[in-house]
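Commentary on secondary and tertiary structure
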Amino acid sequence: MDRRHFFKKATAAGIGAAAATTLAAPAIAQEQPKITWRMTSSFPKSLDIIFGAGNELAQIVRDATDGNFNIQTYAAGELVPGLQAADAVANGTVEMAHTCSYYYIGQDPAFALGTAIPFGLNARMTNAWFANGGNDLINEFLAPRGLYALPAGNSGTQMGGWFRKEIVTIDDLKGLKMRIAGLAGQVMTKVGVTPQQIAGGDVYAALEKGTIDATEFVGPYDDQKLGFVKVAKYYYYPAWWEGGPAMHAFFNLEKFNALPKSYQAILKTACASANTSMLANYDAHNAIALRKLVAEGAVLKPFSKEIMETCFKAAQGVYADLSEKSPAFKKIYDHQQAFKKDSYLWAQVAEYSYDTFMMMQQRNGAL
Ligand code: PYR
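Residues numbered from 1 in each chain as written. Predicted model: local features only at pLDDT ≥ 70, side-chain atom pairs only at ≥ 80, totals over all residues. Heavy atoms only, no water.

**Re the sheet that holds strand E4 (residues 147-154)**
Threshold: Strand pairing follows a simple DSSP-based rule, namely that at least 2 bridges must link the two strands. Secondary structure elements are taken from DSSP: a helix is a run of H or I of four residues or more, a strand is a run of E of two residues or more, and numbering for both begins at the N terminus. Helix axes are fitted only over the stretch in contact, all axes being lines through C-alpha atoms; the angle between N-to-C directions runs from 0 to 180 degrees. Contacts between residues were defined by any pair of non-hydrogen atoms, one from each residue, lying within 4.5 Å.
Pairing within the open sheet is mixed, and its five strands lie in the order E2-E1-E3-E10-E4. At either end of the open sheet lies a strand with only one pairing partner, and these are strand E2 (69-74) and E4. Here the average twist between neighbouring strands, direction ignored, is 25 degrees. Strand contacts of helix H11 (residues 261-295): strand E1 (35-41), E2, strand E3 (96-99), E4 and strand E10 (246-252), with the helix running at about 30 degrees to E4, the strand carrying the most contacts.

Next comes the structure, spelled out in structure tokens:
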């Protein structure tokens, strides 16, 4: 077939017109628009795992869009204070934030369920719950506030924090001023603690000045960087209020919805990656940091059974009150509770048996 004959046939079949449409430059340009967003974090830059998860997701988005979708990251306090990150997203000051939902319980206690509640889920269960209806419920709650959130990090079970004196009985907690995040503050109030919400980067100064007597933040890796051992040497575990706290990327809902579908999909993948790496990085680095802390003088202690059980009971009272006050809290909490029952049933069958056996081998010096 000569070239002219082929061209005539192709045009007659409409192929030429279709090819011209497919190859048109403007259509390609529209698929990858140049967009610059700002992401404000609730964390300081020095905490490279928790702050770094935000950087990781921004880098994935840049790489996947050949630099066309550029998310600039800002530490707590650079644009807005750490505990106001989600407000800045809702009011459009920034397009997104990397933060913990439980910093916003002052607006509605339901915000706590996006991160962690006392005696709630561990990290595995939190991710399983988010993927099976939990995060959709969080987003149903956030939508009227102009927000949309995707899980973008988890610390694993945290440490119970730093105290200047030994805490043996429940009475030892009475009268302490403690930096503690989320609904744990309401449980601690019931046992005589005065809770304070302070952004991670500002905690050391408050502890050193004596504005607070005790603090918790995350776990050995961050706590070592923040230097708490210099001021309070008793290091308690576990944080019964943070079995598996999640960090979320919060988006301005309208701005998220206005993105091309491909950018939305890239953001979802980038958040999922940050979610996995944060937990992996903490799991990889906490043991090393804990050894350093003990060498620096930390005295490692478990919370007593009395403290754990008294706080567990106090938490149930807090949940009964909050379920009456906030319909959103009740709806999400009831869903999470049902999930938790099955999660702990399954967890104790295979994984717990396996882990317990392996821990015994370690204690016997066989690992
Ligand atoms: C806290 O602010 O306590 C966290 O666990 C991130």
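From this point, the discussion proceeds with the structure in view.
**Describing the UniProt feature "binding site: Na(+)" (unreviewed entry) in the protein chain**
Counted only if it meets this: UniProt positions are given in the numbering used here, feature names are shortened, and annotations may be inferred rather than shown by experiment.
UniProt records the feature "binding site: Na(+)" (unreviewed entry) at Phe217, using the numbering of this structure. On the secondary structure map, Phe217 appears in the loop between strand E8 (214-215) and helix H9 (220-226). Those residues in contact with Phe217 that lie beyond four places of it in its chain are Phe43, Leu47, Tyr103, Gln158, Arg179, Gly200, Asp222, Asp223, Leu226, Phe228 and Glu242.

**Examining the layout of surface pockets**
Space left empty within the atom packing is revealed by a probe, the size of a water molecule, rolled over the atoms. As a reminder, the rule being used: Points on a 1 Å grid over protein atoms alone make up a cavity when a 1.4 Å probe fits among them but cannot get out, and a pocket when they form an open set with protein on both sides within 12 Å along at least five of seven lines; lining residues each have an atom within 4 Å of a point. Grid points are joined across faces, edges and corners, and a volume is the space filled by probe spheres set on the points. Polar here means any residue other than Ala, Val, Leu, Ile, Met, Phe, Trp, Tyr, Cys and Pro, which are nonpolar, and Asp, Glu, Lys and Arg, which are charged; Gly is therefore polar.
When its volume is computed, the largest pocket comes out at roughly 1,700 Å³. Around the largest pocket sit 37 residues that line it, and Asn122, Thr157, Glu351, Asp355 and Met359 are the ones nearest its centre. Of all the elements in the fold, those that place two or more residues in the lining of the largest pocket are helix H6 (123-142), H11, helix H13 (327-347) and helix H14 (351-363). The leading source of residues in the lining of the largest pocket is H14, at eight residues. Among the residues forming the lining of the largest pocket, the class breakdown is 19 nonpolar, twelve polar and six charged. In terms of lining, the second largest pocket is formed by 15 residues, of which the most central are Phe119, Gly120, Trp240, Gly243 and Tyr344. Secondary structure elements with two or more residues in the lining of the second largest pocket: helix H12 (305-325) and H13. Among the elements that take part in the lining of the second largest pocket, H13 stands out by supplying four residues, more than any other.

**A closer look at the site of the ligand**
Our working definition: When we say a residue is near a molecule or strand, we mean one of its heavy atoms is within 4 Å of it. Polar contacts, as counted here, are pairs of nitrogen or oxygen atoms within 3.5 Å of one another; within protein the pair requires one atom able to donate a hydrogen and one able to accept it, and residues that are adjacent in sequence qualify only if both atoms are side-chain atoms. Per-residue and other accessible areas follow the Shrake-Rupley method at a 1.4 Å probe size, with only the shown protein chains counted as cover for residues.
Taken together, Phe43, Cys100, Tyr102, Tyr103, Gln158, Arg179, Ala181, Glu216, Phe217, Val218 and Glu242 form the complete shell of residues around the ligand. Side-chain polar atom of Tyr103 to an oxygen atom of the ligand: 2.5 Å apart, as the coordinates give it. The side chain of Arg179 places a nitrogen or oxygen atom 2.8 Å from an oxygen atom of the ligand. In isolation the ligand has 220 Å² of accessible area, and contact with the protein removes 100% of it. Along the lines of polarity and charge, the residues of the shell around the ligand split into seven nonpolar, one polar and three charged.

**With respect to H11**
Put simply, the rule reads: Here the expected length of a helix is defined as 1.5 Å per residue gap, with one fewer gap than residues. The reported bend at a residue is simply the angle between two axes, fitted to the 7 residues ending at it and to the 7 residues beginning with it.
In this model, H11 (35 residues) spans 51 Å end to end at C-alpha, consistent with the 51 Å of a helix rising 1.5 Å per residue. Asn286 marks the point of greatest bend in H11, at about 35 degrees. Looking at the residues trailing H11, positive phi occurs at Gly297, about 115 degrees.

**Re unusual backbone geometry**
Rules: Buried, partly exposed and exposed residues are distinguished by accessible area as a fraction of the type maximum, computed with a 1.4 Å probe on protein chains only: under 20%, between the cut-offs, and over 50%, respectively.
Following Tyr237, the chain continues to Pro238 via a peptide bond in cis, the omega torsion being -10 degrees. Looking at the element boundaries, Pro238 is found in the loop between strand E9 (234-237) and E10. We note that Asp66 has phi near 50 degrees; this positive angle belongs to a residue other than glycine. With respect to the element layout, Asp66 can be found in the loop between helix H4 (50-64) and E2. For Phe119, which is not glycine, the phi dihedral falls at a positive 60 degrees. Along the chain, Phe119 falls in the loop between E3 and H6. Here Phe119 falls in the buried class, since its relative accessible area comes to 15%.

**What about the sheet that holds strand E5 (residues 161-163)?**
Two orientations exist for strands paired in a sheet by backbone hydrogen bonds: parallel and antiparallel. Taken together, the six strands give an open sheet; going across it, the order is E7-E6-E8-E5-E9-E11, and neighbouring strands pair in mixed fashion. Of all the strands in the sheet, just strand E7 (194-196) and strand E11 (299-302) have a single pairing partner and so form its edges. By the bridge criterion, two bridges tie E5 to E8 in an arrangement that is antiparallel. Within the sheet, the bridge partner assigned to Trp162 lies in E8 and is Thr215.

**Some points on the pattern of salt bridges**
So the rule is basically this: Throughout this description, the term salt bridge denotes a Lys or Arg side-chain nitrogen within 4 Å of a carboxyl oxygen of Asp or Glu.
What the rule picks out here adds up to ten salt bridges. For Asp171, the salt bridge identified is with Lys174, shortest N-O distance 2.6 Å. In this structure, Arg179 engages Glu216 in a salt bridge whose closest nitrogen and oxygen atoms are separated by 2.8 Å. Placement of Arg179 in strand E6 (residues 177-179) and of Glu216 in the loop between E8 and H9 is noted, with a sequence separation of 37 residues between them. Assigned by exposure class, Arg179 and Glu216 land together as buried.

**Focus: the packing of H4 against H11**
What counts, and what does not: In this scheme, a crossing is called left-handed if the near helix is turned counterclockwise away from the far one by less than a right angle; it is called right-handed if the turn is clockwise.
Where H4 contacts H11, the axes come no closer than 8 Å and their chain directions differ by 145 degrees. As H4 packs across H11, the resulting crossing turns out to be right-handed. Contacts between H4 and H11 involve Ile50, Ala53, Glu56, Leu57, Ile60, Val61 and Ala64 from the first element and Ile266, Leu267, Ala270, Cys271, Ser273, Ala274, Ser277, Met278 and Tyr282 from the second. Across the contact of H4 with H11, the residue classes break down as 13 nonpolar, two polar and one charged.

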